[in-house]
Amino acid sequence: MNTMNTYSVIMLGPRGSGKTVFLASMHKKLSTQGKLDFFLKVDGEEKRKYLNKINKELVFGEKWPSATQMSELSEWEFTCRVQAKDLLIYNACKFVYLDYAGDRVNTEMGEEDEEFNEQIRRADIMLILLDGQKLCSLMRREKFGLEWLTDDLPNLLNVAQNIQNKPLHFVISKWDIIEPHYNLQEIRNVLFQEESFGNIVRKRNEANKPIRLIPVSSVGKGFAKLEDNIMIKNVGVLPKPFQVEVPLACILPDIIQEQVDELIERIRQEEDKIKGIEIKPELNRKEKLGRFFGSIGAGIKKIQESLPQKYKFGENLVEDFIEFVEKPAKEKEAEAYKRVEELRAKQQEYISKVVDEETALKSVVASFQSIENRLNIDFPESDLSKVL
Ligand SMILES: Nc1nc2c(ncn2[C@@H]2O[C@H](COP(=O)(O)OP(=O)(O)O)[C@@H](O)[C@H]2O)c(=O)[nH]1
Ligand SMILES: [Mg+2]
């Protein structure tokens, strides 16, 4: 019997945007036990070998890994694991990435593709890769970039609308190429110039749904350079993957937010119907819980009980989330600094208590929170949830 919690990620990006290299680099960084308290194991010998091969080509090959080798291998299952104090290894949960090859993201794709739509419905989160190389071109108002803005981006956003209320991550690939010239705020401003981007962000802001913009680099600074729009590897430089673990780490914190909010809203509507008490939607989460359950503590307990098994990570977490998410955007960065130590302590406490799958999951969620918190410090512009 396999009861491990599984979360599925639908990953979209046109051909060449960096999906395969990103997965290989994330796998490399997270499959060895390093500074992080958790690690990944890709399911299937063949897939493990494949990712390792891609990574080897990436690091040592004269050329980049070839793009076409793997159309049939589009589903990747990563088991997230923790080594406890007793050195035993426990599984915590599983992430399934569906790599949607670029060709599927085009104007013709849409309602007719039932299988794809079903996969979107079943997914817990959508990850959209924004090609950093194209973004760089766009910043320079070059043809490639403008084409990307007017063709690729609207197509991607078209598909993104179908994910509806689930968390949405825009991951900017090839950040190493952008970073010497532009910062995230500048990139964000340019994206907002595309109306459909602004619209999707606005809609999600109004509905209070998680949305992020996360820069990553599968190779890190100095590994490659762009010459006439061709990506060239510098000789003798080893890759230092940048933030490749961050999108993964933000999945569960964002799912928790979305689930908790959904529950609060459902309770609000029920209370409204049953008792005929009209509860103003603009009350904040804590105020609502207090009104419904007499106290915030009781509300949190109730929320924790009502969450589907797959999203139960402990009362502490629900409370933590409600505390933090209520902070006004301007206070969030300062708050993130304050939370570094607190989260580190929590992480240490949780890892010391790992004795089974359930406690392993709590422990990885605590690690994820630390990583997410670090993102809020390093890139406050990354959070698109309260911008418009
Ligand atoms: N500089 C840089 N180039 C990258 C990075 N990731 C991918 N690339 C380039 O983009 C190409 C396409 O990446 P790939 O993962 O095959 O794209 P996919 O078609 O989306 O799977 C690679 O061959 C590299 O030239 C990165 O992090 N930094
Ligand atoms: Mg690929």
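Residues numbered from 1 in each chain as written. Chains lettered and ligands numbered in written order. Predicted model: local features only at pLDDT ≥ 70, side-chain atom pairs only at ≥ 80, totals over all residues.

Undergrad: Quick one: what's the story with helix α8 (residues 195-206), residue by residue and with numbers?
TA: If you check α8, its first and last C-alpha atoms are 16 Å apart, about what 12 residues at 1.5 Å a residue would give, namely 16 Å. Within α8 the residues assigned to the buried category are F197, I200, V201 and R204. Seen end-on, α8 carries its buried residues on one side only, within an arc spanning 95°. Of the residues in α8, the exposed ones pointing more than 90 degrees away from the buried face are E195 and E206. Contacts from the buried residues of α8 go to α5 (143-160), β6 (168-172), α7 (184-192) and β7 (211-215). Just past α8, the residue N208 takes up positive phi, approximately 65°. (Helix = DSSP H or I, 4+ residues; strand = E, 2+ residues; numbered from the N terminus. Expected span 1.5 Å × (residues − 1). Buried ≥ 20, exposed ≤ 12 C-beta atoms within 10 Å, placed from the backbone. Arc of directions from axis to C-beta. Contact = placed C-beta atoms within 7 Å.)

Undergrad: Give a detailed account of the nonpolar core, specifying residues and quantitative values.
TA: The nonpolar side chains of soluble globular proteins are, as a tendency, buried together. Ranked by size, the top nonpolar core spans 93 residues in total, and within it M126, I128, I172 and V364 carry the most contacts. In terms of residue count, helix α9 (residues 246-275) provides more of this core than any other element does, 10 residues in total. The residues touching I172, leaving out its near neighbours within four places in the chain, are L130, G132, L135, I187, L213, I214, P215 and V216. (Core = buried A, V, L, I, M, F, W, Y, C linked by C-beta atoms within 7 Å.)

Undergrad: Run through the environment of I256, naming residues and quoting values.
TA: Assignment of secondary structure puts I256 in helix α9. Assessed through the 24 C-beta atoms surrounding it within 10 Å, I256 is described here as buried. Separated by 46 residues in the primary sequence, I256 and P210 place their C-alpha atoms 9.9 Å from one another. Ignoring sequence-local partners within four residues, the contact set of I256 consists of Y311, F313, L317 and F321.

Undergrad: Give a detailed account of the site of ligand 1, specifying residues and quantitative values.
TA: The local shell around ligand 1 holds 19 residues, among which G18, K19, T20, V21 and W64 are the closest. Sorting the residues of the shell around ligand 1 by element identifies α1 (19-31) and α6 (175-178) as the ones contributing at least two each. Take the shell around ligand 1: its biggest share by element is three residues, from α1. Taken together, the residues of the shell around ligand 1 sort by class into seven nonpolar, eight polar and four charged. (Near = placed C-beta within 6 Å. Nonpolar A, V, L, I, M, F, W, Y, C, P; charged D, E, K, R; others polar.)

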